[in-house]
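Coordinates in review
Listed below are the residues making up each chain.
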Amino acid sequence: MAKTRVTFTIDPADAERLRRAAERAQVTVSAYIEARVLGAVERDEAIERMFRDADAATRAAHAAADAAIWPDPEPLSPERRAELDGALGRFFGGESRTA
């Protein structure tokens, strides 16, 4: 099977810990890291699968709550837009600015 090289940078002390752990497991550092990382990835994927339906339900509930709290606004009529633009202009235009 073809392999792909992956490079990462760690503390020298951590590199030594990995080397010792691989030695205790009687495998190369590369094989040790590969087994440990892929094991963690498999656990993460299993957790994601386990909670997929619950996560989807949570996202749907959040979307429904957002829609109820923040409904899409009605489009502004040109008259209402002009009224609001005028009020904002008066509010922000009336500020005293000093340098």
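This part covers the overall build of the protein. Across its full length, the protein holds 3 helices and 0 strands. Along the chain direction, N to C, the helices and strands of the protein fall in the order α-α-α. Taking 99 residues into account, the globule formula puts the C-alpha radius of gyration at 13 Å, and the protein, at 29 Å, lies well above it. Along the first, second and third principal axes, the C-alpha set of the protein runs to 80 × 50 × 25 Å. Going through the 99 residues of the protein one by one, you find that 5% of them count as buried. Looking at the protein as shown, the accessible area adds up to about 9200 Å², and 58% of this sits on carbon and sulfur atoms.

With that out of the way, let us pick up unusual backbone geometry. One non-glycine residue with positive phi stands out, namely Gln26, at about 60°. You can see Gln26 is positioned in the loop between α1 (12-25) and α2 (29-69).

Look at α1 against α2: their axes get within 8 Å of each other, and the N-to-C directions meet at 90°. Accordingly, the angle class assigned to the pair α1 and α2 is roughly perpendicular. Across from Leu18, Arg19, Ala21, Ala22 and Ala25 in α1, the residues of α2 making contact are Val29, Tyr32 and Ile33. Class assignment of the residues belonging to the contact of α1 with α2 gives a composition of 7 nonpolar, no polar and 1 charged.

Under the criterion given, the structure shown has 6 salt bridges. Close ionic contact of Glu34 with Lys3 constitutes a salt bridge, the shortest N to O distance being 3.4 Å. Of this pair, Glu34 sits in helix α2 while Lys3 sits in the segment before α1, and the two are 31 residues apart along the sequence. On the accessibility criterion, Lys3 (59% relative accessible area) is exposed. For Arg80, the salt bridge is made with Glu83, and the minimal N-O distance between the two is 3.0 Å. Of this pair, Arg80 and Glu83 both sit in helix α3 (residues 78-93), 3 residues apart, roughly one helical turn. What makes Arg80 partly exposed here is its relative accessible area of 37%. Members of the salt-bridge network, linked through shared partners, are Glu16, Arg19, Arg20 and Glu23.

The rules we used
Residues numbered from 1 in each chain as written. Predicted model: local features only at pLDDT ≥ 70, side-chain atom pairs only at ≥ 80, totals over all residues. Heavy atoms only, no water. Helix = DSSP H or I, 4+ residues; strand = E, 2+ residues; numbered from the N terminus. Rg over C-alpha atoms; globule rule 2.2 N^0.38 Å. Buried < 20%, exposed > 50% of the residue type's maximum accessible area, 1.4 Å probe, protein only. Areas by Shrake-Rupley, 256 points an atom, 1.4 Å probe, with all protein chains shown as cover. Axes fitted to C-alpha atoms, helices over the stretch in contact; angles between N-to-C directions. Parallel < 35°, antiparallel > 145°, perpendicular 65-115°, else oblique. Contact = heavy atoms within 4.5 Å. Nonpolar A, V, L, I, M, F, W, Y, C, P; charged D, E, K, R; others polar. Salt bridge = Lys/Arg side-chain N within 4 Å of Asp/Glu carboxyl O.

Bear in mind that shape data such as this cannot, by itself, settle questions of function.
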